[in-house]
Each structure stands twice: as C-alpha cells, then as structure tokens.
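Breakdown of the fold
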Amino acid sequence: MVPMVGVTPRCAVHPNVEADATCRRCGAFVCGVCSTWVMSVLYCADCAARPEVNYLDVFRQGLWGKRDATAWWVGIFSLGFVAGGAWLASVGEWLLAMLLWASAGVGGCFFLGQRWARTGLAVAPVVVGIVAFWKMGPVALVCALLLFISTLKIFLDARNRLFFRVEVSEQDLLRLWDLHVNNPLARTALSLGVASFIIPVFAPFAVLVGALALRKVDPHARPPIGRKEHAMAGIGLGLGAVVVWVLLVTPYFQRLISGWLLP
Ligand SMILES: [Zn+2]
Ligand SMILES: [Zn+2]
C-alpha cells in the first residue's frame, strides 16, 4: 500500500513518518519512536515526561537512595549487637561474641547502603542460627528462624529496595505510592472513626476529616486521588459512634435528672 501524503496522519515530531497512534493527554499524532507507555497508557514523549503523568517515577526518584525507617532500625539493632558481643566476650563466649560483632558489621554496612549487605542481612540469621544451635540447642534455632523471617521481609520490601537503588516493579511501586501518597486524609478519617468508639470527642473530627477527604477524591485526576471507601467509613463510624455514645449516656442522665427532681 502506498501512503497518501495529506491523508495519512503524520507524527507531530517527525513529519516524514506515519503516525500510528495519538497521545492520550494532548491528542498529538505519534510515531513508533515517539510512542511512550506510562502505566499502560500511551503518550507522546513530551507528555510522558510531565511529572503528573509519570507521577510514579517522580515518587520513585524521590525515594531512590534515601534511607528508610528499616535501615535506621537495623542500624540501632547493630549497635545493640556490638554491646551484646562485648558482654558475651566478657563472660568468655568468644565464638558467639564474634558472630554478634560480624552481624553488627553487616547491619552497619546495611545502614550505610552497601548493596552486598542487603543479601548479607538476609542470610546472617541462618549462619548465626546454625552456630547458636550447636552451642545452645534448639531454642536458639527457633529464634534464628523468626529473625530470618524478618530479614527476608526486609529483603523483599519495596521501600527498602529503593534505598539500595534496586529496581522495583510498577505494581509494587503503585502499592507503595498508594500507602504513602494517596489521600492520607481519608486514612486519618478512618482511624479517627475507629478511635471515636473509645474516645467520643474524636467522633466529630472523624466526620469532618472524612467529609474533607471525600471532597478531594478524584479517580480521573492524574495522579488519581482515591480512598473514597476510607473517607466514607470514617464518616459512617463517626456518626455511628455518636449514636452509640448517646444511647450509652442517656440512661445515666435520665437517672441523674430524676434523682434531682425526686429527692
Ligand atoms: Zn502528548
Ligand atoms: Zn515521532
């Protein structure tokens, strides 16, 4: 088939090349080279580079190489291991002391963001567990196994991977973004709603914050603002708590008032 000039759409950037799609945001014709996929949606190169379009990548870049709470905890535990090792050495348990110090070394390098320490931290409980089992029996092995579950979770954690500059799948990144950035006010409303069943003064705040969060919800915005259910649950729980507290308190007041009227 011979392409007819003027009839077939041409790429907005490369006028000599036939366009085979249009950008979802600006509607410009794009060729194969200019077509850029961002979260399964096709954009032209200019639109794809915009922060609101590529909001996940902007989020990723913000956390790339940035130390997370886990790294701080590992650092603090490592200091504890140094002290624990010193105590073991003082009572003559040199082998276990060395193991703790070695673990503290791995933890320290983990805190500093050295890539090998990511794997090192995951396998450290296995090595320590085997030696501790030989020295102290099966209880030590169970403790090491529990520790291994924690270090494995850290190894797989998306936020911690970003600290070590290890790539994270789009799905994991979206989950992380949802947890940290997506309408946090709605999550607060839900927490306040639950808490208002214990502390009644929280109830009006749950309703108010829930209403504010609900107003912000816009699934078609980019980045989208979600958590409609959380905002609505916050309002519902807040109102429910008011009803429960009124029902609880009313008989008490009735008794009090009738006590005054009929002394
Ligand atoms: Zn565009
Ligand atoms: Zn092009």
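Remember, it's a predicted structure, so these values are computed and weren't measured experimentally.

**Remarks on the packing of helix 9 (residues 184-195) against helix 11 (residues 228-261)**
- Their axes nearest at 7 Å, the elements helix 9 and helix 11 cross at an angle of 25°. Classified by the angle between their axes, helix 9 and helix 11 sit roughly parallel to one another. For the pair helix 9 and helix 11, the crossing hand works out as left-handed. Contact residues: Ala-186, Arg-187, Ala-189, Leu-190, Leu-192, Gly-193 and Val-194 in helix 9; His-230, Ala-231, Ala-233, Gly-234, Leu-237 and Gly-238 in helix 11.
- Taken together, the residues of the contact of helix 9 with helix 11 break down into 8 nonpolar, 4 polar and 1 charged.

**Side note on the domain arrangement of the protein**
- Here the protein is partitioned into domain 1 (1-53), domain 2 (69-163) and domain 3 (184-249).
- Computed over C-alpha atoms, the centres of domain 1 and domain 3 are 43 Å apart.

**Focus: the nonpolar core**
- If you look at the biggest cluster of nonpolar residues, it comprises 19 residues, and the most contacted ones within it are Ala-71, Val-74, Val-106, Phe-110 and Leu-121.
- Sorting elements by how many residues they give to this core places helix 4 (residues 94-111) first, with 6 residues.
- Among residues more than four places away in sequence, those in contact with Ala-71 are Phe-110, Phe-111 and Phe-163.

**Observations concerning helix 10 (residues 202-216)**
- In this model, helix 10 (15 residues) spans 21 Å end to end at C-alpha, consistent with the 21 Å of a helix rising 1.5 Å per residue.
- Buried within helix 10 we find Phe-202, Ala-203, Ala-206, Val-207, Val-209, Gly-210 and Ala-213.
- Where helix 10 is buried, its residues meet helix 9 and helix 11.

**A closer look at the environment of Arg-60**
- Inspection of the secondary structure puts Arg-60 in helix 2 (residues 55-63).
- Considered as a pair, Arg-60 and Gly-120 are 60 residues apart in the sequence and their alpha carbons are 24 Å apart.
- Among all residues touching Arg-60, those that are not within four sequence positions of it are Leu-162, Val-168 and Leu-173.

The rules we used
- Residues numbered from 1 in each chain as written.
- Chains lettered and ligands numbered in written order.
- Predicted model: local features only at pLDDT ≥ 70, side-chain atom pairs only at ≥ 80, totals over all residues.
- Axes fitted to C-alpha atoms, helices over the stretch in contact; angles between N-to-C directions.
- Helix = DSSP H or I, 4+ residues; strand = E, 2+ residues; numbered from the N terminus.
- Parallel < 35°, antiparallel > 145°, perpendicular 65-115°, else oblique.
- Left-handed = near helix turned anticlockwise from the far one by under 90°.
- Contact = placed C-beta atoms within 7 Å.
- Nonpolar A, V, L, I, M, F, W, Y, C, P; charged D, E, K, R; others polar.
- Domains from an automatic or database assignment.
- Core = buried A, V, L, I, M, F, W, Y, C linked by C-beta atoms within 7 Å.
- Buried ≥ 20, exposed ≤ 12 C-beta atoms within 10 Å, placed from the backbone.
- Expected span 1.5 Å × (residues − 1).

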